[in-house]
Amino acid sequence: AQSVTQLDSQVPVFEEAPVELRCNYSSSVSVYLFWYVQYPNQGLQLLLKYLSGSTLVKGINGFEAEFNKSQTSFHLRKPSVHISDTAEYFCAVSSFSNDYKLSFGAGTTVTVRA
Amino acid sequence: NAGVTQTPKFQVLKTGQSMTLQCAQDMNHEYMSWYRQDPGMGLRLIHYSVGAGITDQGEVPNGYNVSRSTTEDFPLRLLSAAPSQTSVYFCASSYPPGSPESNYGYTFGSGTRLTVV
């Protein structure tokens, strides 16, 4: 079985400040890791993914995430946020052993203030 | 535009009514899934399909049925709606992970907001 824990449910941040969203996963097998973003009243959009190789992955809109196998974490970061980054962010995991079904965390709501 | 199309966008049902949420994709994706999104719970998998004629249960399948007669369509049926099924429903699709076309990510529809009274 695999599961995802997002450690912060809400993250308020000022414009141009950095932000980090924390994600821990649990799995007994090798996993693929994802961050999705959901803007208000929209579907989910893939931000970035870790499949293998370099543990630092870069995604769209200036986001990046670092895979840490020993700490089973996949934290998302952005060095300088914009008002338009206000959204809900979901960490997700899948694996070959689970037929690649996505398991999602509960989500982190990021609110960027001027 | 290519993508995942969900209809309707909004629906209000009375307890006990049945209905079908439609999902169609035009990307020739073999994998399709239905999720429900509830506050503080993220997205939970209801049913999924790895190809036409093949479906299986996810984490929260009770009260829902699916079928996959074509690659393009994956309708979700509520047999007898209950207030606990009030939620936002998302359909998603992807190429088979590991296939040459796959980026391992899913494409999501814009959702159906369902209220059961």
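Going by the structure above, here's the rest.
Here we summarise the structure given alongside this text. Since this is a predicted model, take the numbers as computed values, not measurements.

Looking only at helices and strands, chain B features zero helices and eleven strands. Along the chain direction, N to C, the helices and strands of chain B fall in the order β-β-β-β-β-β-β-β-β-β-β. Its C-alpha atoms give chain B a radius of gyration of 14 Å, within 12% of the compact-globule value 13 Å for 117 residues. Along the longest, intermediate and shortest principal axes, the C-alpha atoms of chain B span 45 × 30 × 30 Å. Residue burial in chain B is summarised as follows: out of 117 residues, 50% are buried. Within chain B, contacts between residues separated by at least 24 positions form 56% of all contacts whose residues are at least 6 apart in sequence. Approximately 5400 Å² of chain B is accessible, and the part contributed by carbon and sulfur atoms is 49%. Of the charged side chains in chain B, 7 are positive and 8 negative; the average position of the first set lies 14 Å away from that of the second.

Cis geometry marks the peptide bond from Thr7(B) to Pro8(B); its omega dihedral reads -10°. For Pro8(B), the location among the structural elements is in the loop between β1 (4–7) and β2 (10–13). Unlike most non-glycine residues, Thr72(A) shows phi in positive territory, near 45°. Checked against the element boundaries, Thr72(A) lands in the loop between β8 (64–68) and β9 (73–78). Exposure remark for Thr72(A): the relative accessible area of 30% places this residue in the partly exposed category. Positive phi is not limited to glycine here, since Asn28(B) has a value of about 60°. Looking at the element boundaries, Asn28(B) is found in the loop between β3 (19–25) and β4 (31–38). Residue classification places Asn28(B) among the exposed residues on the basis of a relative accessible area of 54%.

Next up on the list: the state of the cysteines. All names here are of chain A. Summed over all chains, the structure comprises two disulfides over all chains. The disulfide that involves Cys23 links it to Cys91, with 2.0 Å between the sulfurs. In this structure, the disulfide formed by Cys23 and Cys91 twists by about -70° around the S-S bond and is classed as left-handed. Separated by 68 residues along the polypeptide, Cys23 in strand β4 (residues 23–26) and Cys91 in strand β10 (residues 87–94) bring together distant segments of the chain.

To continue, consider the layout of surface pockets. Empty space among the atoms becomes apparent when a probe as large as a water molecule is rolled across them. By volume, the largest pocket is sized at about 530 Å³. Looking at the largest pocket, it is lined by 27 residues, and the ones nearest its centre are Gln38(A), Asn41(A), Gln37(B), Val88(B) and Arg113(B). Tallied by class, residues from the lining of the largest pocket come to eleven nonpolar, twelve polar and four charged.

Between chain B and chain A, the contact holds 20 residues from the first and 20 residues from the second. Roughly 1600 Å² is buried in total at the junction of chain B and chain A, and carbon and sulfur atoms are behind 60% of that figure. Joining chain B to chain A, the criterion identifies zero salt bridges. Taken together, the elements giving at least two residues each to the side of chain B that touches chain A come down to β4 and β5 (42–51) of chain B. A per-element tally of the side of chain B that touches chain A places β5(B) first, with five residues.

In the structure shown here, the tally under the stated rule is twelve aromatic pairs over all chains. An angle of 35° between the planes, with centres 6.3 Å apart, marks the rings of Phe34(A) and Tyr36(A) as tilted. As far as burial versus exposure is concerned, Phe34(A) and Tyr36(A) are alike and both buried. Measuring from ring centre to ring centre gives 4.3 Å for Tyr50(A) and Phe67(A), while their planes differ by 20°; the resulting arrangement is stacked. Within this pair, whereas Tyr50(A) is found in strand β6 (residues 44–50), its partner Phe67(A) is found in strand β8, the two being separated by 17 residues in sequence. By the burial criterion, Tyr50(A) is buried, and Phe67(A) matches it. Members of the aromatic cluster, connected to one another through ring pairs, are Phe34(A), Tyr36(A), Phe90(A), Phe104(A), Tyr35(B) and Phe108(B). Above the ring of Phe74(B), the side-chain terminus of Arg68(B) is found at 5.9 Å from the ring centroid.

Conventions and cut-offs
- Residues numbered from 1 in each chain as written.
- Chains lettered and ligands numbered in written order.
- Predicted model: local features only at pLDDT ≥ 70, side-chain atom pairs only at ≥ 80, totals over all residues.
- Heavy atoms only, no water.
- Helix = DSSP H or I, 4+ residues; strand = E, 2+ residues; numbered from the N terminus.
- Rg over C-alpha atoms; globule rule 2.2 N^0.38 Å.
- Buried < 20%, exposed > 50% of the residue type's maximum accessible area, 1.4 Å probe, protein only.
- Contact = heavy atoms within 4.5 Å.
- Areas by Shrake-Rupley, 256 points an atom, 1.4 Å probe, with all protein chains shown as cover.
- Lys, Arg positive; Asp, Glu negative; His and termini not counted.
- Charge placed at Lys NZ, Arg CZ, Asp CG, Glu CD.
- Disulfide = S-S within 2.5 Å.
- 1 Å grid on protein atoms, 1.4 Å probe; cavity = no way out; pocket = protein on both sides within 12 Å on 5 of 7 lines; lining within 4 Å.
- Points joined across faces, edges and corners; volume = space filled by probe spheres on them.
- Nonpolar A, V, L, I, M, F, W, Y, C, P; charged D, E, K, R; others polar.
- Buried area = accessible area lost by both parts, 1.4 Å probe.
- Salt bridge = Lys/Arg side-chain N within 4 Å of Asp/Glu carboxyl O.
- Phe/Tyr/Trp six-rings, centres within 6.5 Å; stacked < 30°, edge-to-face > 60°.
- Lys NZ or Arg CZ within 6 Å of the ring centre and 35° of its normal.

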